Amino acid sequence: MAPGREFSRGQVSDLQRVIDLGREISGLSFGIFVGDLPSGRDSAVARHAELADALAAVLVAVDPAAKIIEIVTGSHAVRALDDRSCELAVLAMKSSFEAGDLVGGIRDAVNLLAQRARAPHLAQNLGETNNLGELRG
Amino acid sequence: MTSGQALLIFIGIPAAFAVFVALLVSSASWTRSGRAPASSESGESGGRLFIQTSGALPDPSRLPREIGASSTSAVGGGAHGTWS
């Protein structure tokens with residue numbers, strides 16, 4: 001993995017499609033930052049603040065040179081996406097990055113985060129369905 | 001038809017056409033090399049990138065009810081990791 005190289009158009013459009021799909025699935029906004037994070041978490045938080053709807057946004061930030069992964073969730077987004085889900089996404093990225101697949105790791109992580117953010121809705125809907133069944137019974 | 005004209009028609013024109021085709025073929029590789037390094041297609045790149053969801057505002061109907069609650073901090077949580 002050589003820092004400083006450009007992403008191909010295909011890779012950028014692939015990642016753009018993934019975060020747009022993530023929004024469709026979860027209702028949350030996603031951002032991806034790949035570049036220098038000189039202050040680690042603080043730099044990622046600063047990037048997260050630059051997102052259009054930071055409160056309901058999730059940022060996946062990666063510094064390939066320092067080999068740092070940061071996921072930052074907005075104060076509203078965290079209610080749909082807990083820290084355990086973010087840790088799971090970090091683990092998924094780590095395993096892909098160690099295999100040299102930067103784009104694939106980010107793509108899988110965003111997919112995972114979107115799916116995990118959707119899960120409470122499904123559970124809630126299932127709960128409502130069960131409640132209706134009990135009421136009818 | 002003189003021998004010079006015959007050479008021009010039967011050798012010169014095909015040769016010029018061959019050179020033209022060769023230029024067309026090689027120009028494609030010039031464009032590709034200028035657009036992105038070959039290794040970037042295999043996911044080995046690490047250039048700077050910052051993208052976000054198109055149409056930034058989330059769909060309120062898809063968000064949990066608690067999102068309507070007020071909050072002063074933009075950051076709610078997340079996770080951190082490194083790899084070797």
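Because the structure is a prediction, the values reported are computed rather than measured.

Caption draft 1: Molecular detail of the overall build of chain A. Counting its regular elements, chain A contains 4 helices and 4 strands. Start at the N end of chain A and walk to the C end: the helices and strands fall as β-α-β-α-β-β-α-α. Residues counted as buried form 46% of the 137 residues belonging to chain A.

Caption draft 2: Expanded view of the overall build of chain B. Helix and strand counts for chain B come out as 1 helix and 3 strands. Expressed as a percentage of the 84 residues in chain B, the buried residues total 18%.

Caption draft 3: Main features of the pairing of strand E4 (residues 68-74) of chain A. Residue and element names in this part refer to chain A. Most of E4 sits out of view: 6 of its 7 residues are buried. Looking at chain direction, strand E3 (residues 57-63) and E4 are connected through 6 bridges and run antiparallel. Opposite valine 62, over in E4, you have isoleucine 69 as the bridge partner.

Caption draft 4: Spotlight on the sheet that holds E4 of chain A. The strand order across the open sheet formed by 5 strands is E2(B)-E2(A)-E3(A)-E4(A)-E3(B), and the pairing between neighbours is mixed. The open sheet has two free edges, formed respectively by strand E2 (49-52) and strand E3 (75-82) of chain B, since each of these has just one partner strand. On average, each strand axis in the sheet is inclined to that of its neighbour by 10 degrees, with strand direction left out of account. Its contacts with the sheet put helix H2 (residues 41-49) of chain A on strand E2 (29-34), E3 and E4 of chain A together with E3 of chain B, and the angle it makes with E3 of chain A is roughly 135 degrees.

Caption draft 5: View of unusual backbone geometry. All names here are of chain A. One non-glycine residue with positive phi stands out, namely lysine 67, at about 60 degrees. Mapped onto the secondary structure, lysine 67 falls in the loop between E3 and E4. Residue classification places lysine 67 among the partly exposed residues on the basis of 15 C-beta atoms within 10 Å.

Caption draft 6: Local environment of the environment of leucine 28 of chain A. Positionally, leucine 28 of chain A belongs in the loop between helix H1 (9-26) and E2. Counting along the chain gives 48 residues from leucine 28 of chain A to histidine 76 of chain A, while the straight-line C-alpha distance between them is 9.3 Å.

Caption draft 7: Region of interest: H2 of chain A. Within H2 of chain A the residues assigned to the buried category are Ala44, Arg47 and His48 of chain A. All buried residues of H2 of chain A lie within an arc of 105 degrees about the axis, which places them on one face of the element. In this structure, the buried side of H2 of chain A is in contact with E2, E3 and E4 of chain A together with E3 of chain B.

Caption draft 8: Highlighting the confidence of the model for chain B. All names here are of chain B. Chain-level pLDDT for chain B is 70 on average; 55% of the residues reach the 70-or-more range. The low-confidence segment residues 34-46 (pLDDT under 50) makes 32 contacts with residues lying over four places distant or belonging to another chain. Contacts for the low-pLDDT stretch residues 65-72, under 50 throughout, to residues beyond four places or in other chains number 7 contacts.

About the cut-offs
- Residues numbered from 1 in each chain as written.
- Chains lettered and ligands numbered in written order.
- Predicted model: local features only at pLDDT ≥ 70, side-chain atom pairs only at ≥ 80, totals over all residues.
- Helix = DSSP H or I, 4+ residues; strand = E, 2+ residues; numbered from the N terminus.
- Buried ≥ 20, exposed ≤ 12 C-beta atoms within 10 Å, placed from the backbone.
- Pairing = 2+ DSSP bridges.
- Axes fitted to C-alpha atoms, helices over the stretch in contact; angles between N-to-C directions.
- Contact = placed C-beta atoms within 7 Å.
- Arc of directions from axis to C-beta.
- pLDDT = per-residue confidence, 0-100.

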